[in-house]
Amino acid sequence: MERVRLYDKTFKTFIPHERIMEAIDRTAAKINEDFRGCTDNPVLLCVLNGSIMFTAELMQRLEFNCELVSTKLTSYQGTGSTGKVKQAMGLTADIAGKRVIIVEDIVDTGNTIVELKKILAGHEAAESKVCTLLFKPDSYTKDIPLDYVAMEIPNDFIVGFGLDYNELGRNLKDIYVLDEEA
Ligand code: 5GP
Ligand code: MG
């Protein structure tokens, strides 16, 4: 098992890159099934920064014409949610009347999803679906359905493949979990 050190914490390998790729393959196949033959150019909404790697991998596998829009939301500080979601950057393009697939790195408490759904409704999206690479079901407190979940994980703090600890670790190819023993 590989270990990485980010500031004061040690993380150990949790989900290897190949398993992430397989999960993205399966998720993309489901989205392709649902959107096959569509002519409305749905929007993928990349929620920066965490979702950048997942969005890039997912988008390469989609077999229908789609657009890419980004926004930036923040709620985490260190290894925990502050409970307050801030929109640090608005939508990079107009999504009025469009079907939107929200692409998230991870759904934890669900606060960010609630905020995103509000933002999209406010900008008059025709419909919004949620696609997330990771989901912590034991932490989720909302009733918004998650349409596409690539992998479920326990309530542990993870980094890598776009996810950070105080902005470090996003470049790691695998996903790592906090090593409590280190
Ligand atoms: P929520 O609003 O659902 O509580 O949390 C969503 C956001 O918190 C995610 O998009 C992500 O940015 C951050 N987050 C939640 N859990 C983790 C985690 O285990 N590791 C990291 N690095 N970020 C997380
Ligand atoms: Mg995120």
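Further up the page is the structure itself.
Let us look at the structure shown here.

Procedures and definitions
Residues numbered from 1 in each chain as written. Chains lettered and ligands numbered in written order. Predicted model: local features only at pLDDT ≥ 70, side-chain atom pairs only at ≥ 80, totals over all residues. Heavy atoms only, no water. Pairing = 2+ DSSP bridges. Helix = DSSP H or I, 4+ residues; strand = E, 2+ residues; numbered from the N terminus. Axes fitted to C-alpha atoms, helices over the stretch in contact; angles between N-to-C directions. Contact = heavy atoms within 4.5 Å. Buried < 20%, exposed > 50% of the residue type's maximum accessible area, 1.4 Å probe, protein only. Near = heavy atom within 4 Å. Polar contact = N/O pair within 3.5 Å; in protein donor to acceptor, adjacent residues only side chain to side chain. Areas by Shrake-Rupley, 256 points an atom, 1.4 Å probe, with all protein chains shown as cover. Nonpolar A, V, L, I, M, F, W, Y, C, P; charged D, E, K, R; others polar. Expected span 1.5 Å × (residues − 1). Arc of directions from axis to C-beta. Donors = N, O, S within 2.8 Å, 3.2 Å for Na, K, Ca; no water. Salt bridge = Lys/Arg side-chain N within 4 Å of Asp/Glu carboxyl O.

1. Examining the sheet that holds strand β4 (residues 67-77)
Taken in spatial order, the six strands make up an open sheet running β5-β4-β3-β6-β7-β8, and their pairing is mixed. Both outer strands of the open sheet, β5 (80-89) and β8 (148-152), are each paired with one neighbouring strand and no more. Strand-to-strand twist across the sheet, computed as the mean angle between neighbouring axes with direction ignored, equals 25 degrees. Bridging between strand β3 (residues 43-48) and strand β6 (residues 99-107) involves four bridges; their strand directions are parallel. Bridge pairing in β6 links V43 to V100. The sheet strands contacting helix α1 (residues 17-35) are β6, β7 (127-135) and β8, and the helix crosses β8 at an angle near 160 degrees.

2. Focus on the environment of M21
The topology assignment puts M21 in helix α1. By relative accessible area, M21 is classed as buried at 13%. In the structure, M21 is positioned 33 residues away from F54 in sequence and 9.5 Å away in space, judged by C-alpha atoms. With sequence-adjacent residues up to four places away left out, M21 is seen in contact with E57, R61 and F161.

3. Focus on the site of ligand 1
Close to ligand 1 lie 17 residues, the nearest being D105, T109, T112, I158 and D164. In the model, an oxygen atom of ligand 1 is placed 3.2 Å from a nitrogen or oxygen of the E104 side chain. Within the complex, the protein chains bury 92% of what would otherwise be the 510 Å² of accessible surface of ligand 1. Looking at which element gives the most residues to the shell around ligand 1, the answer is β6, with four residues. Of the residues that constitute the shell around ligand 1, the class distribution is six nonpolar, five polar and six charged.

4. Some thoughts on helix α3 (residues 111-122)
Compared with the 16 Å implied by 1.5 Å per residue over twelve residues, the 17 Å span of α3 between its first and last C-alpha is a close match. Listing the buried residues of α3 in full gives T112, I113, L116, I119 and L120. Viewed end-on, α3 has its buried residues packed into an arc of 120 degrees, placing them on one side of the element. Facing away from the buried side of α3, by more than 90 degrees, are the exposed residues K118, A121 and G122. Looking at the buried residues of α3, the elements they touch are β3, β4, β5, β6 and β7.

5. Focus on the coordination of the magnesium ion (ligand 2)
Those donors, E104 (OE) and D105 (OD), are the protein atoms that reach the magnesium ion (ligand 2), and they lie 2.4 to 2.5 Å from it. In this structure, E104 and D105 share a single accessibility class: buried.

6. Focus on the pattern of salt bridges
Within the structure shown, the criterion is met by ten salt bridges. For the salt bridge of K12 with D179, the shortest nitrogen-to-oxygen distance reads 4.0 Å. Here D179 lies in the segment after β10 (175-178) and K12 lies in strand β2 (residues 9-15), a separation of 167 residues in the sequence. Owing to a relative accessible area of 22%, K12 belongs among the partly exposed residues under this scheme. Overall, the relative accessible area of 6% leaves D179 in the buried class. Linked by salt bridges that have partners in common, R3, K12 and D179 make up one network.

7. Section: the pairing of β5
Bridge count for β4 against β5 is five bridges, and the pairing is antiparallel. Pairing of L73 across the sheet is with Q87, part of β5. Two successive antiparallel strands, β4 and β5, enclose a turn made up of two residues, where G78 displays a positive phi of approximately 65 degrees.

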